[in-house]
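# An overview of the molecular structure
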Amino acid sequence: MRNSADKIRGTGNPNVCVCERGTMFGYSDLIVDPRNLVWMRDANCPVLADVTHSLQQPAGRAIGEGGVASGGLRNMIPTVARTCAAVGVDGIFMEVHDNPESSPVDGPTQWPLRNFRSLLEEIVQIAKVSKGKSEFEIDLTPVGEEF
């Protein structure tokens, strides 16, 4: 991501961020690999996570006479959001709707507005206590009797 971010900055625009939106796995599943959230820091700009998009299942739902639509894993939104907060992202993007079942676009990955406040409060608390942006000093010396 560093090259992409540097290209944007090279145009004179210092307002750059990078965003994890999931990686295609198989034929109809996006997944978030938390390692990407760490590696994206190499771009030297804020790292965001698009939690709801990363849980889409493109063309994962059959409709009508041979048609398809995007499905999604709404129930996994809290899990991915918590993970991103613990890893130390700079921001989280979520699609929130007052009635997700009636949403004309991406309904299966819309988070219900009714549940937004409690999830947001939890994510903020996780972010406050996490050392996700701190490097862990790994001691590889052999363990002796002092252990």
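Before reading further, recall that the structure is shown in the block above.
These lines cover the structure that appears in this document, whether it is placed above or below. (Residues numbered from 1 in each chain as written. Predicted model: local features only at pLDDT ≥ 70, side-chain atom pairs only at ≥ 80, totals over all residues. Heavy atoms only, no water.)

### Notes on a negative patch on the surface
Taken together, Glu137, Asp139, Glu145 and Glu146 make up a surface patch of like negative charges. Mapped onto the elements, Glu137 comes out in the segment after α4 (116-129). (Patch = residues over 30% accessible without salt bridge, like charges linked within 9 Å, V, L, I, M, F, W, Y side chains within 5 Å. Areas by Shrake-Rupley, 256 points an atom, 1.4 Å probe, with all protein chains shown as cover. Salt bridge = Lys/Arg side-chain N within 4 Å of Asp/Glu carboxyl O. Lys, Arg positive; Asp, Glu negative; His and termini not counted. Charge placed at Lys NZ, Arg CZ, Asp CG, Glu CD. Helix = DSSP H or I, 4+ residues; strand = E, 2+ residues; numbered from the N terminus.)

### Some points on the sheet that holds strand β1 (residues 18-20)
Read across the sheet, three strands follow the order β1-β4-β7 without closing on themselves; strand pairing throughout is parallel. The sheet terminates laterally at β1 and β7 (91-93), the two strands that pair on one side only. Across this sheet, the average inter-strand angle for adjacent strands is 30 degrees, counted without regard to direction. (Pairing = 2+ DSSP bridges. Axes fitted to C-alpha atoms, helices over the stretch in contact; angles between N-to-C directions.)

### As for the nonpolar core
Of all hydrophobic cores here, the largest spans 22 residues; its most connected members are Leu37, Val51 and Ile77. Elements that contribute at least two residues to this core include exactly β4 (47-50), α3 (77-87) and α4. No other element matches α3, which puts six residues into this core. (Core = buried A, V, L, I, M, F, W, Y, C linked by side-chain atoms within 4.5 Å. Buried < 20%, exposed > 50% of the residue type's maximum accessible area, 1.4 Å probe, protein only.)

### Here we look at the pairing of β4
In terms of strand pairing, β1 meets β4 through three bridges, oriented parallel. The residue bridging Cys19 from the neighbouring strand is Leu48, located in β4. Relative to β7, β4 runs parallel, the two sharing three bridges. The residue bridging Ala49 from the neighbouring strand is Ile92, located in β7.

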